[in-house]
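Here is how the chains run, residue by residue.
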Amino acid sequence: LNKQRICGRVVLVPGAPKAFTMEAPYADAAVQPGFTHAFVQSFFVILATEIGDKTFFIAAIMAMRHSRLTVWTGAVGALVVMTVLSTLLGHMAPLLLPKAYTHYAAVLLFL
């Protein structure tokens, strides 16, 4: 039996070659990225995906008819609410479900 690490857990797999090991990213606490790395990465990913989407155009169209300050306040408020909800979900899902399930769910969502 070979010891395999799958999603951060050691699993005994009969006859499994070493090439099929799956190390959890940043499993070692010494190599975890810091706040700045996570902040910059999330900022640019969200910036790249949000520019040009439906809410971007809806806010632009609404700003043509209504007060820009009102539209901006509503858009930022909605963004804050969605960010809090997604952060809570991202924090709670791995605590409630096994890590293997959340890993494969994330893979499927990104396909």
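Here, every reference points to the structure presented above.
Values in this document were obtained by computation on a predicted structure and should not be read as measured data.

A.B. asks: Talk me through the overall build of the chain; I want residue IDs and the actual numbers.
C.D. replies: For the chain, the count of helices and strands is four helices and two strands. Buried residues in the chain amount to 5% of all 111 residues. For the chain, the share of sequence-separated contacts (at least 6 apart) that also reach a separation of at least 24 residues comes to 16%. Summing over all exposed atoms, the chain offers an accessible surface of approximately 9,600 Å²; the carbon and sulfur share of this is 73%.

A.B. asks: Any details on the packing of aromatic side chains? Residues and values, ideally.
C.D. replies: For the structure shown, the criterion picks out four aromatic pairs. Ring centres of Phe35 and Phe39 lie 5.9 Å apart, and the angle between their planes is 20°; on these two criteria the pair is classed as stacked. Taken together, the positions of Phe35 and Phe39, both in helix H1 (residues 35-50) and four residues apart, correspond to about one turn of that helix. Measuring from ring centre to ring centre gives 5.3 Å for Phe43 and Phe44, while their planes differ by 85°; the resulting arrangement is edge-to-face. Chaining the aromatic ring pairs together yields one cluster made of Phe35, Phe39, Phe43 and Phe44.

What counts and what doesn't
Residues numbered from 1 in each chain as written. Predicted model: local features only at pLDDT ≥ 70, side-chain atom pairs only at ≥ 80, totals over all residues. Heavy atoms only, no water. Helix = DSSP H or I, 4+ residues; strand = E, 2+ residues; numbered from the N terminus. Buried < 20%, exposed > 50% of the residue type's maximum accessible area, 1.4 Å probe, protein only. Contact = heavy atoms within 4.5 Å. Areas by Shrake-Rupley, 256 points an atom, 1.4 Å probe, with all protein chains shown as cover. Phe/Tyr/Trp six-rings, centres within 6.5 Å; stacked < 30°, edge-to-face > 60°.

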